[in-house]
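If you want the building blocks of each chain, they are given just below.
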Amino acid sequence: MPHIILLNGAPRKTGNTLRIAEWVAEGAQQQGADVTVIHLTDERIDHCQGCETCARTGRCIIQDDHEAICQQLEQAQGVIVCAPVYGGFYSSVLKTFLDRLTCTLGFTGRFAHLCAVGVTTARYDFRAKNAKDIAAALGSSWLNPGYVSGTIHKQVMDTKKSRNIVVSPENSPRLYAAAIKMGGKLVADIQQEKRGALPLPVRLLFRHLVLPGIAKILVNEQGKLPFLYQKMEEQGIINATLLRRHAAQMQRLSPDRPWKTGEKVKFTP
Ligand SMILES: Cc1cc2nc3c(=O)[nH]c(=O)nc-3n(C[C@H](O)[C@H](O)[C@H](O)COP(=O)(O)O)c2cc1C
């Protein structure tokens, strides 16, 4: 039975955003999935302090509910992420959760196995991009992005009456049907083990330009960020050639120091 997390980044539990996400969950349940709801506003999630300890150790220093939620996501096969648009972006509730993953997620691909559905609502700014961004955010490994099963982005403004509507299966039957169908698709995608893939040009750009650039910074910083260093070494991006080049460069910069060709960078955790 596929296990799906509904990660709710909407502050209002009676609002349109969560309601639509619940319809997606209903559709998934109809196809045999079990769904756990996590309301991010009920959890203790402090702001990222910007210390970058996670880049050194792979773990955040803040002791709160963040890591437990990450572990639940790790064990799930699918996620329905929802958040309303606030100030042209997704809510700070979701942003605070995601900020805590910024330094490591791209390297670890921790949630790249998840199939995801993104749900956003807004009064005016109801572009598909918002919903796609939040669905893709969790999978955001540079080489292995998560799979976006689908997105729902709904304008909740009744333009004639100039006020928000409250969606229901009765007043929005097409939206309800689409959400139920999307829940079913999410389960089918999980069962077919769909995986995300970046377009080839972007993949090549990351592999040959961006990641080697980051690797060079890590090597030059001489072990200040051992967790990231280790992850890039595992991916073969920090390799003997790069280390040889580094040693030659260091030899030029400090000729008095006996740098050996290919000398390994020593970690100082
Ligand atoms: C603080 C705040 C900021 C908002 N900013 C935007 C915005 O930038 N663009 C927009 O179209 N709607 C904006 N809205 C409207 C909400 O996106 C919209 O009402 C949404 O459906 C609320 O979701 P909910 O019913 O789940 O609470 C904002 C609402 C609030 C409370």
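About the criteria used
- Residues numbered from 1 in each chain as written.
- Predicted model: local features only at pLDDT ≥ 70, side-chain atom pairs only at ≥ 80, totals over all residues.
- Helix = DSSP H or I, 4+ residues; strand = E, 2+ residues; numbered from the N terminus.
- Buried ≥ 20, exposed ≤ 12 C-beta atoms within 10 Å, placed from the backbone.
- Contact = placed C-beta atoms within 7 Å.
- Pairing = 2+ DSSP bridges.
- Axes fitted to C-alpha atoms, helices over the stretch in contact; angles between N-to-C directions.

A.B. asks: Run through the overall build of the protein, naming residues and quoting values.
C.D. replies: Within the protein, the secondary structure is distributed over 10 helices and nine strands. Its C-alpha atoms put the protein at 80 × 35 × 35 Å along the principal axes. Per-residue burial for the protein yields a buried fraction of 38% across its 269 residues. Sequence-distant contacts in the protein: of pairs separated by 6 or more residues, those separated by 24 or more amount to 74%.

A.B. asks: Mind laying out the sheet that holds strand β7 (residues 147–155), listing which residues take part and the relevant values?
C.D. replies: Pairing in this open sheet of five strands is parallel, and the strands run β2-β1-β3-β6-β7 from one edge to the other. The strands lining the two open edges of the sheet, one partner per strand, are β2 (34–39) and β7. If you compare each strand with its neighbour and ignore which way they point, the axes differ by 15° on average. The pairing of strand β1 (residues 3–8) with strand β3 (residues 78–82) spans five bridges and is parallel. Looking across to β3, one finds that Leu 7 is bridged to Val 81. Packing against the sheet, helix α1 (residues 16–30) makes contact with β1, β2, β3, β6 (115–122) and β7, and its axis sits at approximately 150° to β6. Where helix α7 (residues 173–191) meets the sheet, its contacts fall on β1, β3, β6 and β7, and the angle it forms with β7 comes to roughly 170°.

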